[in-house]
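Take a look at the letters that make up each chain.
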Amino acid sequence: MTDIGISQAAVDGLRHGFKGEIILPGNAGYNQARTLFNAMIDRRPAVIAQCADKEDVVRAVRFGQDVGCAVAVRGGGHSVAGKALVDGGLVIDLRRMNAVSVDPVARTATVAGGATMSHLDRATEPYGLATTGGRVSTTGIGGYTLGGGDGWLARKMGLACDNLLSVELATAAGQLVRASEEENSELFWALHGGGGNFGVATSFVFRLHELSTVTAALLFWRPERGSDVLCNYRDFMQSAPDEVGGGALYLTAPAEEFVPEHLINRLACAILVVYAGGEDEARKVVAPLLSLGHEGEFIAEMPYAELQCLLDDPPGYRNYWSAEYLDAFPDDAVETFCACSDDMVVPSPSQHALFPQGGALVRATANGPIPWRNSPWCVHPFGLWENSEDDEHGRQWVRRVRTDLKPWASGSTYLNFIGDEGGDRVAAGFGPKNYQRLAAVKAQYDPDNFFRLNHNVEPA
């Protein structure tokens, strides 16, 4: 027996023909293999199956079915709730499956299920192509896309799932199926934001767009300027071109040359603009923001892949996040948002973020269970801190943001932005009609709820 209850004979059977690596408690590399970016999560799987290819994934799924253990699936491991790990069960770890193949003529990329945004961005960059990715390079393609896939380029290119052409999936029955508009179309609909409920995604095909460069502009103000800055930013975004992404946020100002000394390691208000284009054009577009009297400034043109790495989440911190989507952002909502910054853990890498939507998010024709895409604003309290003594402080801040902004909230939410907030929150994330339809797809492809360590939709 393993030290958590799965027989050695069963593990030996999994090893037979398995091309990747099987890691058990006590093996070299076990602790490293079970470490997530969220330091709050400390779980001990019985077996970690690091798959080398899709056949390994199928073997791992069948093993999980045979031994009757709980199964988690790990792509990038960025789930803030730690969905990529399970105590005493099996982790199907896809991170060795990270190849990306680009067809520059067809403008498509075929991406293995364990790739991160960095793998995709680095592969497409030489061709002057890209698609919407997460806001950092370390996000796993799989969970990110299956949850919908919002990011800096979404106003220009749509969500990641809007650019999804097909998915190869290992089902709970241990079979490989392909889903696209023409094949298993109802499953394909569910994979446009329905999460990891329906199987293990072994590969994706994405549509790519021309993108030779981006410009990042990060501007800083004292926190007491926040209400004025955010009202101006709100008004600016109402007519901003689709090329403008980014957000407004409160954060601990970093110790960088472009940050004035009196702000360093203190709470600051900031505007981040990510512009899909060159610096000269970006400066013209964001001129109204540059006239607001900022005290710190970073503006640079760079490849998209470099931007993604520039903003990577620091590993090893304790994480707690949530989100609310707003149907409106009037002056009193602005004041409420700004007031919530008072409770942040400072100094820390935490961010009190406001993301604009619109553009291609509301124009996209891709069909899927994502009601939040139609809201004009997203509030994302993104809590990160170092010490466990700050856990209650950080959690209370995130909860306060949600509570205080609720008068303007739509009730729907992007499940990739939240932790374990209960089944009602999951249902709200999809809306009643979408949830019922997802439950029917779940019943077809996973009637026993084998894949349940996710923001789960139960079969019906």
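Each chain has its residues counted from 1, following the order in which its sequence is written. Totals for whole chains, interfaces and linings use all residues, but because this is a predicted model, local features are given only for residues with pLDDT of at least 70 and pairs of side-chain atoms are given and counted only at 80 or more. The basis for every side-chain value is the complete set of heavy atoms in the structure, and neither hydrogens nor water enter the calculation.

Q: So, the sheet that holds strand E4 (residues 90-93): which residues are in play, and what are the values?
A: Criterion used throughout: strands pair if DSSP finds at least two bridges between them. In this text, helices come from DSSP runs of H or I with a minimum length of four residues, and strands from runs of E with a minimum of two, each type numbered from the N-terminal end. Reading across the sheet, the four strands line up as E1-E2-E4-E3 and stay open at both edges, with mixed pairing between neighbours. Single-partner strands in this sheet number two, and they are strand E1 (21-23) and strand E3 (71-74). Each strand axis lies, on average, 20° off the axis of its neighbour in the sheet, ignoring direction. Residue contacts are defined here by distance: any two heavy atoms, one from each residue, within 4.5 Å place the two residues in contact. Axes here refer to lines fitted to C-alpha atoms; in helices the fit is confined to the stretch in contact. Angles between the N-to-C directions go from 0 to 180 degrees. On top of the sheet, helix H3 (residues 54-67) reaches strand E2 (47-50), E3 and E4; it is set at about 170° to E4, its chief contact.

Q: Let's hear about the packing of helix H8 (residues 226-237) against helix H12 (residues 331-340): which residues, and what values?
A: In contact at an axis separation of 9 Å, H8 and H12 are set at 130° when each is read in the N-to-C sense. As judged from the angle between their axes, H8 and H12 are oblique. Crossing of H8 over H12 shows right-handed handedness. Counted together, Gly226, Ser227, Leu230, Cys231 and Arg234 of H8 and Asp331, Val334, Glu335, Phe337 and Cys338 of H12 form the full contact between these two elements. Residue composition of the contact of H8 with H12, by class: five nonpolar, two polar and three charged. Geometric relationships in this document are graded by angle, where less than 35 degrees denotes roughly parallel, more than 145 denotes roughly antiparallel, 65 to 115 denotes roughly perpendicular, and other angles denote oblique. Rotating anticlockwise by less than a right angle from the far helix to the near helix defines a left-handed crossing, while the corresponding clockwise rotation defines a right-handed one. Amino acids are sorted into nonpolar (Ala, Val, Leu, Ile, Met, Phe, Trp, Tyr, Cys and Pro), charged (Asp, Glu, Lys and Arg) and polar (every other residue, Gly among them).

Q: Please set out the sheet that holds strand E5 (residues 100-103) residue by residue, giving values where relevant.
A: Taken together, the five strands give an open sheet; going across it, the order is E5-E6-E10-E8-E9, and neighbouring strands pair in antiparallel fashion. In the strand order of this sheet, the two ends are held by E5 and strand E9 (176-180), each with one partner. Put simply, the sheet's adjacent strands are angled 15° from each other on average, direction ignored. Relative to strand E6 (residues 108-112), E5 runs antiparallel, the two sharing four bridges. Residue pairing in the sheet places serine 101 in a bridge with threonine 110 of E6. Seen against the sheet, H3 touches strand E8 (164-170), E9 and strand E10 (200-207) and runs at an angle of roughly 145° to E10. Contacting E5 and E6, helix H4 (residues 117-124) crosses the sheet at an angle of about 30° to E5.

Q: I'd like a rundown of the layout of surface pockets, residues and numbers included.
A: Any residue with an atom within 4 Å of a point lines the site, the site being either a cavity, points on a 1 Å grid over the protein atoms alone where a 1.4 Å probe fits but cannot get out, or a pocket, an open set with protein on both sides within 12 Å along at least 5 of 7 lines. Grid points are joined across faces, edges and corners, and a volume is the space filled by probe spheres set on the points. For the second largest pocket, the calculated volume is near 260 Å³. What lines the second largest pocket is a set of 17 residues, and nearest its centre among them are Phe37, Gly76, His78, Thr116 and Thr138. Residues of the lining of the second largest pocket, tallied by class, amount to three nonpolar, eleven polar and three charged.

Q: Explain the packing of H12 against helix H14 (residues 391-405) to me, using residue names and the numbers behind them.
A: Contact pair H12 / H14: the axes reach a minimum separation of 10 Å and the direction vectors enclose 170°. Taken together, the axis directions place H12 and H14 in an arrangement best described as roughly antiparallel. On H14, the residues that touch Ala333, Thr336, Phe337, Ala339 and Cys340 of H12 are Trp397, Arg400, Val401, Asp404 and Leu405. Split into classes, the residues belonging to the contact of H12 with H14 amount to seven nonpolar, one polar and two charged.

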